[in-house]
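An overview of the molecular structure
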Amino acid sequence: MSEKRSYPHVRVAGDPYERGRAYGEQAAERVVRSVEGYRDVFRELAGLDTEGARRLARSFEEAIARFRPAYLEEIRGIAEGAGVPYEDVLAINVRTEVMFAARARSAEASGRVDACSAFAVLPEASAEGHTLIGQNWDWLPHCFDTVVVLEVEQPDAPDFVTVVEAGLLAKTGMNSSGIGLATNALVTDGDRGEPGVPYHALLRAILDCETLSDAYAVLMERPRASSANYLIAHRDGIAVDVEAAPGDFSRMSLVFPDQGVLLHTNHFLALPAGLKDVSLWAMPDSPFRLERLRTAVAGARSGGLTLEAFGAMLADHANYPSGVCCHPDRRMRPADQGATVASVLMDLDARELWIADGHPCRTPYRRLDYAGFLSKPSPVREDLLRSD
């Protein structure tokens with residue numbers, strides 16, 4: 001049975017507040033749905049009423065202000081454009097941290113975290129000699145009504161495209177300087193919801209970067225609030241997987257491609273010293289999804305890997321309903337059920353993004369050509385060309 005939906009596109013430009021306001025205006029209904037959806041999530045999974053969630057969200061405001069104050073201006077613009085309170089848009093942008101903070105305060109708090117399956121392929125392993133990256137994004141079913149394709153032009157940083165919940169700053173995507181980004185949730189015993197730079201602010205900051213080392217530096221710039229995996233590639237033909245726990249640069253590890261391929265799901269592959277990986281307890285399907293991807297990649301290597309091949313891999317139902325293509329588990333209470341809400345494939349050389357607007361097993365990928373939109377020259381690359 002096919003799924004018939006097409007996530008709306010939102011294109012914005014201007015200064016941070018102007019971009020935010022335009023985003024909020026164009027996606028107003030979906031921003032409202034995001035706020036309403038997380039109001040229910042915060043109550044059911046974290047035991048927080050609206051004011052409690054807002055109070056916790058405000059505790060991260062200072063960390064964002066010290067990291068990238070312009071992001072707060074964007075959030076303020078989103079709220080005003082969508083006609084919702086600023087604190088509510090702030091809360092959905094720090095929803096990972098709000099939920100972990102509540103869990104840390106209550107042994108009874110529970111609930112799922114983003115469970116995603118991601119990949120990157122270097123030119124030597126791809127059929128066309130291109131750098132490829134992508135993922136299935138598994139999250140709460142209400143997100144079928146909130147996802148947008150956000151296209152951002154900005155004067156002081158690379159332009160970018162991101163597939164994201166309406167009202168949030170960023171998720172998976174790519175930028176005009178050649179960066180591609182996929183991500184997976186991780187959990188350690190250090191995830192206590194303590195103030196630091198929030199997960200989604202870091203995702204946005206990576207899309208503001210010119211190079212892979214810039215992105216790595218951004219993740220070390222200030223203490224992070226949450227664990228997460230950042231799979232980052234560049235059309236130069238390089239990629240890295242950054243596994244990060246809450247804290248500073250000492251609580252990070254790097255994983256590099258094996259025979260030109262990086263694969264990651266929702267557990268640590270190189271756990272930083274002194275930490276416990278809680279990911280396998282929280283997401284016990286993670287190792288099985290990773291093994292399915294490894295097996296599929298091994299079988300598809302002949303002649304080079306393609307986005308089409310990964311589209312088929314990401315539709316895999318082994319271990320249903322908790323497979324690579326995730327479907328709601330009806331044995332669980334509704335608040336704990338998850339689903340693949342979008343599948344994203346990116347060719348960084350061609351500047352193409354392919355999106356399945358829902359389960360990739362039921363939804364055909366549609367091709368989005370960003371060769372024109374993501375054509376802004378990189379200042380770093382211009383310097384290199386001048387020096388040559």
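Look above for the structure.
Predicted model, so just to flag it, every value in this text is computed and none were measured.

1. Quick look at the overall build of the protein
- Within the protein one finds 13 helices and 14 strands.
- The C-alpha atoms of the protein give a radius of gyration of 19 Å, which matches the 21 Å a tight globule of 388 residues would have.
- Dimensions along the principal axes, computed over C-alpha positions, put the protein at roughly 55 × 50 × 45 Å.
- Counting across all 388 residues of the protein, residues that qualify as buried make up 60%.
- When contacts within the protein are restricted to residue pairs at least 6 apart in sequence, those whose partners lie at least 24 apart make up 67%.
- Split by element, the accessible area of the protein, about 14700 Å² in all, is 51% carbon and sulfur.
- Here the protein contributes 41 positive and 56 negative side-chain charges, whose respective centroids are spaced 4 Å apart.

2. A short note on the sheet that holds strand β9 (residues 238-244)
- Taken in spatial order, the 8 strands of this open sheet run β1-β4-β5-β6-β7-β8-β9-β10, and their pairing is mixed. Each having just a single partner strand, β1 (9-12) and β10 (252-255) make up the two edges of the open sheet. On average, each strand axis in the sheet is inclined to that of its neighbour by 20°, with strand direction left out of account.
- Bridge analysis of β1 against strand β4 (residues 147-152) gives 4 bridges, and the strand direction is parallel. Paired with H9 across the two strands is V149, which belongs to β4.
- Against the sheet, helix α8 (residues 199-207) engages β5 (160-165), β6 (172-175), β7 (179-185) and β8 (228-234), with an angle of about 165° to β7.
- Across the sheet, helix α9 (residues 212-221) lies against β7, β8, β9 and β10, angled at about 160° from β8, the strand it touches most.

3. Re the nonpolar core
- Core analysis: the biggest nonpolar cluster contains 101 residues, and Y23, Y230, I232, L353 and Y370 have the highest contact counts within it.
- Listed in part, the 16 residues of the second largest apolar core include V261, L290, L305 and L345.

4. A short note on the side chain of S343
- By the secondary structure assignment, S343 is in strand β12 (residues 339-347).
- A polar contact is formed between the side chain of S343 and the side chain of Y365, at a distance of 2.6 Å.

5. Topic: the packing of helix α5 (residues 69-82) against helix α6 (residues 86-93)
- For the pair α5 and α6, the least separation of the axes is 8 Å and the interaxial angle reads 120°. Comparing the axis directions of α5 and α6 gives the class oblique. The handedness of the crossing between α5 and α6 is right-handed. Within the contact between the two elements, α5 uses L72, I75, R76, I78 and A79 and α6 uses Y86, V89, L90 and N93.

6. Topic: the environment of P360
- Position of P360 relative to the elements: it lies in the loop between β13 (352-356) and β14 (366-369).
- In this structure the C-alpha to C-alpha distance between P360 and A342, which are 18 residues apart in sequence, comes to 7.5 Å.
- Setting aside residues up to four positions removed in sequence, P360 forms contacts with N136, L314, A315, C325, T340, S343 and Y365.

7. Thoughts on α6
- Counting buried residues in α6 gives 7 out of 8 residues, a clear majority hidden from the surface.
- Y86, D88, V89, L90, A91, I92 and N93 are the residues of α6 that are buried.

The rules behind the values
- Residues numbered from 1 in each chain as written.
- Predicted model: local features only at pLDDT ≥ 70, side-chain atom pairs only at ≥ 80, totals over all residues.
- Heavy atoms only, no water.
- Helix = DSSP H or I, 4+ residues; strand = E, 2+ residues; numbered from the N terminus.
- Rg over C-alpha atoms; globule rule 2.2 N^0.38 Å.
- Buried < 20%, exposed > 50% of the residue type's maximum accessible area, 1.4 Å probe, protein only.
- Contact = heavy atoms within 4.5 Å.
- Areas by Shrake-Rupley, 256 points an atom, 1.4 Å probe, with all protein chains shown as cover.
- Lys, Arg positive; Asp, Glu negative; His and termini not counted.
- Charge placed at Lys NZ, Arg CZ, Asp CG, Glu CD.
- Pairing = 2+ DSSP bridges.
- Axes fitted to C-alpha atoms, helices over the stretch in contact; angles between N-to-C directions.
- Core = buried A, V, L, I, M, F, W, Y, C linked by side-chain atoms within 4.5 Å.
- Polar contact = N/O pair within 3.5 Å; in protein donor to acceptor, adjacent residues only side chain to side chain.
- Parallel < 35°, antiparallel > 145°, perpendicular 65-115°, else oblique.
- Left-handed = near helix turned anticlockwise from the far one by under 90°.

Remember that the coordinates give geometry; whether it matters functionally is a separate question.
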